[in-house]
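Coordinate analysis (summary)
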Amino acid sequence: MPTVLLPPRHYLNNGYGIRSWLLTRDHKRIALLYLAAVTFFFFVGGAFAVWIRLDLATPAGDLVSDETYNKLFTMHGVMMVFFFLIPAIPSVLGNFLVPIMIGAKDLAFPKLNLASWYIYMLGGAFTLYALVSGGVDTGWTFYTPFSTASSTTNVIPTALGIFITGFSSILTGLNFIVTIHRMRAPGMTWFRLPLFIWSTYATSLINVLGTPVIAITILLVAAERLFQFGFFNPALGGDPVLFQHLFWFYSHPAVYIMVLPAMGVVSELVAAGCRKPVFGYSFVAFASLAIAVLGFLVWGHHMFVAGESVYSALIFSILSFMVAIPSAVKVFNWTATMYRGAVSWETPMLYAYGFIGLFTIGGLTGLFLAAIAVDVHVTDTYFIVAHFHYIMVGGTIMAYLGGVHYWWPKISGRLYNEGLAKLSAGIIFIGFNLTFFPQFVLGYLGMPRRYHAYPEEFQVLNVLSSAGASILGVGYLIPMVYLMWSLRYGRAAGSNPWGAVGLEWTTTSPPPTENFSQTPVVTWNAYEYSPKVDHVA
Amino acid sequence: MGTTPLFPVSASTMAPRVDALYFFLIGVTVFFSLLIAGLIVYYAVKYHRRSTDAVGERIHGSLWLEVTWSVVPFLITMVIFVWGASVYFAIASPPAETLNIYVVGKQWMWKFQHLDGQREINELHVPVGRNVKLITTSEDVIHDLFVPAFRVKADVIPGRYVNIWFNATKPGRYHLFCAEYCGTRHSGMIGEVVVMEETEYQDWLSGGGQEGSLAAAGEKLFADLACNTCHRPDSAGRGPVLTGLFGQTVTTQAGEMVVVDEAYVRESILNPSAKVTAGYQPIMPTFQGLVSEEGLLELIEYVKSLQAQPQAQPLSDAR
Amino acid sequence: MSPDGAAQASHIGEVSGHHSGLAHQFDSLAQQREAATLGMWCFLVTEVLFFGGLFLTYALYRGWYSGAFTAASRELLIWPGTINTVVLITSSLTMALAVHAAQTGDRRSLILFLAVTMLLGSVFLGIKGFEYYEGFLEGHFPGPRFQFEAEHFREAQIFFSLYYLMTGLHAIHMIIGLGVMAVMVWMSWRGTITAEYYNPIEVSGLYWHFVDIVWIFLFPLLYLIGRHA
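Residues numbered from 1 in each chain as written. Chains lettered and ligands numbered in written order. Predicted model: local features only at pLDDT ≥ 70, side-chain atom pairs only at ≥ 80, totals over all residues. Heavy atoms only, no water.

So, the overall build of chain A
Along the backbone of chain A there are 16 helices and zero strands. Taken over the C-alpha trace, chain A has a radius of gyration of 23 Å; the compact-globule value for 537 residues is 24 Å, and the two agree within 12%. Overall, the C-alpha framework of chain A stretches about 70 × 45 × 45 Å when taken along its three principal axes. Residues counted as buried form 71% of the 537 residues belonging to chain A. Where the 25 positive side-chain charges of chain A centre and where its 21 negative ones centre are 18 Å apart. (Helix = DSSP H or I, 4+ residues; strand = E, 2+ residues; numbered from the N terminus. Rg over C-alpha atoms; globule rule 2.2 N^0.38 Å. Buried < 20%, exposed > 50% of the residue type's maximum accessible area, 1.4 Å probe, protein only. Lys, Arg positive; Asp, Glu negative; His and termini not counted. Charge placed at Lys NZ, Arg CZ, Asp CG, Glu CD.)

Topic: the interface of chain B and chain A
Each side of the interface is counted separately: chain B has 85 residues, and chain A has 94 residues. Taken over both partners, the interface formed by chain B and chain A buries close to 7,800 Å², and the fraction arising from carbon and sulfur atoms is 69%. It is Arg49(B), Tyr88(B) and Tyr181(B) in chain B that bury the most area against chain A; as a group they hold 10% of the surface buried on that side. Applying the counting criterion to the chain B and chain A interface returns four salt bridges. The closest approach of N and O atoms between Asp66(A) and Arg185(B), which form a salt bridge, is 3.7 Å. Counting every contact that joins chain B to chain A gives 28 residue pairs in polar contact (both at pLDDT 80 or more). Breaking the side of chain B that touches chain A down by element, the ones donating at least two residues are helix 1 (15-46), helix 2 (63-92), strand 6 (143-147), strand 7 (152-156) and strand 9 (172-178) of chain B. For the side of chain B that touches chain A, the element with the highest residue contribution is helix 2 of chain B, accounting for 18 residues. For the side of chain B that touches chain A, the class distribution of residues is 51 nonpolar, 20 polar and 14 charged. (Contact = heavy atoms within 4.5 Å. Buried area = accessible area lost by both parts, 1.4 Å probe. Salt bridge = Lys/Arg side-chain N within 4 Å of Asp/Glu carboxyl O. Polar contact = N/O pair within 3.5 Å; in protein donor to acceptor, adjacent residues only side chain to side chain. Nonpolar A, V, L, I, M, F, W, Y, C, P; charged D, E, K, R; others polar.)

Observations regarding unusual backbone geometry
Along the chain, Thr144(A) connects to Pro145(A) via a cis peptide bond; the corresponding omega equals -5°. For Pro145(A), the location among the structural elements is in the loop between helix 5 (110-132) and helix 6 (146-150). Cis geometry is found at the peptide bond from Gln107(B) to Trp108(B), where omega equals -5°. With phi around 55°, Gln228(A) is a residue other than glycine that occupies positive phi space. Classification of Gln228(A) as partly exposed rests on a relative accessible area of 49%.

Let's talk about the sheet that holds strand 5 (residues 131-138) of chain B
Residues and elements named next belong to chain B. With respect to topology, five strands assemble into an open sheet ordered 3-2-1-5-8, the strand pairing being mixed. The strands lining the two open edges of the sheet, one partner per strand, are strand 3 (119-121) and strand 8 (162-167). The average angle at which neighbouring strand axes cross in this sheet is 25°, direction not considered. Alignment of strand 1 (residues 99-106) against strand 2 (residues 109-114), held across six bridges, turns out to be antiparallel. Counterpart to Val-103 in the pairing with strand 2 is Phe-112. (Pairing = 2+ DSSP bridges. Axes fitted to C-alpha atoms, helices over the stretch in contact; angles between N-to-C directions.)

Points about the sheet that holds strand 6 of chain B
All names here are of chain B. Across the sheet, which stays open at both edges, the five strands sit in the order 4-10-9-6-7 with mixed pairing between neighbours. Either end of the sheet is taken by a strand with one partner, and the two such strands are strand 4 (123-127) and strand 7. Recorded for the sheet is a direction-independent mean angle of 20° between the axes of neighbouring strands. Pairing analysis gives five bridges linking strand 9 to strand 10 (residues 191-196), with the strands arranged antiparallel. By the bridge assignment, Leu-176 is partnered in strand 10 with Gly-191. Packing of helix 3 (residues 198-207) onto the sheet brings it into contact with strand 4 and strand 10, and relative to strand 4 it is tilted by some 130°.

A short note on the domain arrangement of chain B
Quite often, the size of an interface is put as the accessible area lost when its parts meet. Residue and element names in this part refer to chain B. Each assigned domain of chain B is listed here: domain 1 (8-40 + 61-211) and domain 2 (214-317). Averaged C-alpha coordinates put domain 1 and domain 2 at centres separated by 31 Å. Counting from both sides, the interface comprises 17 residues of domain 1 and, opposite them, 13 residues of domain 2. For the pair domain 1 and domain 2, the interface holds two salt bridges. Its salt-bridge partner being Glu-294, residue Lys-111 comes within 2.9 Å of it at the nearest N-O pair. Seen at the junction of domain 1 and domain 2, the total is six residue pairs in polar contact (both at pLDDT 80 or more). When residues of the side of domain 1 that touches domain 2 are traced back to their parent elements, those giving at least two are strand 1, strand 2 and strand 5. Looking at the side of domain 1 that touches domain 2 residue by residue, the classes come out as five nonpolar, seven polar and five charged. (Domains from an automatic or database assignment.)

A short note on the nonpolar core
Ranked by size, the top nonpolar core spans 331 residues in total, and within it Phe231(A), Leu145(B) and Phe150(B) carry the most contacts. The greatest single-element share of this core, amounting to 22 residues, is contributed by helix 9 (residues 240-274) of chain A. Not counting residues within four places of it along the chain, the set of residues in contact with Leu145(B) comprises Val103(B), Trp110(B), Phe112(B), Leu134(B), Val152(B), Lys153(B), Ala154(B), Val156(B), Ile164(B), Leu176(B) and Phe177(B). (Core = buried A, V, L, I, M, F, W, Y, C linked by side-chain atoms within 4.5 Å.)

Some remarks on the packing of helix 2 (residues 27-55) of chain A against helix 16 (residues 459-489) of chain A
Residues and elements named next belong to chain A. The geometry of helix 2 relative to helix 16 is characterised by a closest axis approach of 10 Å and an angle of 155° between their N-to-C directions. In terms of orientation, helix 2 lies roughly antiparallel with respect to helix 16. The interaxial crossing formed by helix 2 with helix 16 has left-handed handedness. On helix 16, the residues touching Thr-39, Phe-42, Phe-43 and Arg-53 of helix 2 are Asn-462, Ser-465, Ser-466, Ala-469, Tyr-476, Leu-477 and Met-480. The residue inventory of the contact of helix 2 with helix 16, partitioned by class, reads six nonpolar, four polar and one charged. (Parallel < 35°, antiparallel > 145°, perpendicular 65-115°, else oblique. Left-handed = near helix turned anticlockwise from the far one by under 90°.)

Observations regarding the packing of aromatic side chains
One pass over the structure, following the stated rule, counts 93 aromatic pairs over all chains. Taken together, a centroid distance of 4.9 Å and an interplanar angle of 65° make the contact between Trp299(A) and Phe316(A) edge-to-face. Here Trp299(A), found in the loop between helix 10 (281-294) and helix 11 (310-338), pairs with Phe316(A), found in helix 11; they are 17 residues apart in sequence, far enough to count as distant. Across the pair, Phe316(A) and Trp299(A) agree in class, each one buried. Aromatic side chains Tyr61(C) and Trp64(C) sit 5.1 Å apart centroid to centroid with 85° between the ring planes, which places their arrangement in the edge-to-face category. Pair noted here: Tyr61(C) and Trp64(C) are both in helix 1 (residues 29-64), with a separation of three residues, about one helical turn. Taking NZ or CZ as reference, Arg29(A) lies 4.4 Å from the ring centre of Trp21(A), over its face. Directly above the ring of Trp189(C) sits Arg107(C), whose terminal nitrogen or CZ lies 5.6 Å from the centroid. (Phe/Tyr/Trp six-rings, centres within 6.5 Å; stacked < 30°, edge-to-face > 60°. Lys NZ or Arg CZ within 6 Å of the ring centre and 35° of its normal.)

Regarding helix 14 (residues 382-412) of chain A
Residues and elements named next belong to chain A. Residue Tyr-406 marks the point of greatest curvature in helix 14, where the axis turns by about 40°; the proline Pro-409 follows within four residues. Counted residue by residue, helix 14 has 30 buried out of 31 residues, so it is predominantly covered. The positive-phi residue at the C-terminal boundary of helix 14 is Gly-413, with phi of around 85°. (Bend = angle between axes of the 7 residues up to and from the residue.)

The following block contains the structure:
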């Protein structure tokens, strides 16, 4: 077997120096710019989480002051939601893969793509400025009138940072929509597209339709805070619940922005990990669209106890049950894909299993919340915290890591250490469950969220959770080490180290700047794993 | 280290109903989680890839499976929806006869006002076995009143009244938390609900309330603020007669029908030109900034207490 | 040598045989045109949602505080608003004429119509500025200097907050539109726009028409409802 070598000419060595990176229009380089940025924000947000869990190990809240704690959970939420979970998969994996998976040379608007990164960094800079110059303590949800009339912290710089970053999401979404519509290679019909593209498309629809609403909401909050306009402050004639409607109209679909791309990654991992088509391809594809559409109709389930009328509550409840169905359909389809597959136990596949299991639990706990009577008891408690961390961390972050590992050889041209990778996946899985499962129990017991100090009888569960968090933290650090190490010392991967099917595996690892030496002409369906078909164009 | 409970006490009439649904949901969750996890592990082992170029079987899908695993979850969720909705109706509908207590939340404490005049801070005494309705509002930002043992919770919102009702079934002391982040000492805005046997509760009631009942305080405030110059007991005043008015439905100048409840009385004091009664001029000045939240509660209780003379009008049937 | 070797991909341009204005990621000018147009429509959808949140807030408060809002709305001067509406509609006409001129390769008329569009846009902004100035003098600007009859003081402030926010945001979009028009004038002057490649004018026209349409909604909602009640 000949030694695999890196290709002589590829996108990473096509031009050196800082200008070739900061002024690049290559979607693959922009993806790496995003990778560096989201990783940075992830560890900032993660550091706040560690601090929070350390403080919560004792009931008295004696590690940090009240004000500091309130800033910690706010900044943890802001960093994680707006600067990691929303951009990570679309802007890193999506940017890298969308053109390649559809057989294009780049996205429709490469300069706009670079501008999106700069906008993201500018938003991040404002938020970091808010952070270092005193922090903000409103919670990532900015409820009024506290955020407009009571908080004395850096609300406006943070709000501005989020406002600016929102444009990055909007422009990336717009770029993906146009690219997928107009730049598919000859023969690449909609129903031959990889499911990752379907998910990215559905996500981009939400990005484009939902993000502008949070943008205007933030402007209204900033105007109220700066000029004492009275939109949300009852003392000035405003309605505080109106803010919640506007806020959640975006922020509920936002959680689908976070999870749909993850589901797209999982579809790819499962197909490659079983070497067969995803079971029920068109159902999975339409389920993505259904989630995007229904996701816009359920925002009121965040407000069951917030002063919503009984009738609105009922409508939002029934719609919330309905939005669970397409997700369930996907879970069943992925599981069915494994039946009679050639099932791999490599790291990306392990992350996919982890996603499916943990997303199932997280999603099912969503049913608890859609049932209004139960939600009345558990809303604003640790039950909610556990629910969304199961989906965001047990779901999205696992899928993100799975995707990073799966496409790492394509992105870098190198293989990472499989043993260490499996070990990290295991540590993350154990750490994650130890951190968040006790929180379901705590929530039903009645421990409210955003509490700095709590009654003593909640301590044992909190200590378990904090122990889990330290394990989870270690689990996240190890991949940083071996992935960085592989960049220099890893074995060359070759174009298709997984024996997978997909246009990205037909080009070199790393790919050339223009992705393909010749535009591919597609005559096959996605995931056609057949022993003798050669898919190189 | 003390006890580590894993399940909250059930101390109200609603609690067992909520818990029953909760256990059903746990059952559904455990079933499907084990099913999926089990299948994954089973398939991963049974179909483990044996050689580096093995491929899976080309199975594209199955329509009847898709229909089954769409319809069955849909039916299960509809069962949960109906069950949850019916329990929710009960939670959201206070019974007709309740013992009312006013609650004002402010950063960072709870103020409870009993009708007879007792005021409590962060501690709420209630009798066991009686329907209690808390009429809540906030003085500043949004708070939330949460009693885990009763399974009740509602946001306490500035500028409006929100009702919470419960019927405590077990004497004891239960946690009360603020469950909507409200600033620095949010986690300090806690207290206790003290549920007492009826006789003990009566003893406790008679022990306090030196300031007199809320309605009496309201009567005094009504005179101090000169409300009585326009709102006279006969119809010669410039404002509507308030006797027997609480609980009635009136027509506004704009043609809207409104019920005279706590919220309407409050709005009429703070924003009088919003819903002027038909047939009257919009000349009432606003008392925004001139009356505190406590004052508003006292005035409301006073207006409620203005019963008609027995022979003149039917009794108001709402409290 | 371009930083990321885009020059190497230029052989793709030979497919259409026409290099002017074709970006490297596209296979043909037709594809590029369709992509740019779809992109602009997507962007305009985001703008609809953006203004939509504001319109929704206005609609709700109008319903809750109809008396105060009607009284406050009557304080707005009707003649600048009306003139501005005529000005903007006319500017959309000249914009459409500019697109037509581009399609027929008439460079002179193209530049002329773009310039007139810009002029009309500037007139709009000037009149708006005058209105703001007058409003400021009348004590319409919310804050410590706000003046209004006591009965509707609080609610009228909300009306004016929304008025300034909505028209201000619209004005910002107009200013951006003027910037875009300036770039279009420059591109037309340089000869970049030809009868084969005029998509930038079309796409800018879409944006301009959108900004016009937002005003068509703003004007009646803010100035006209309940005026003669």
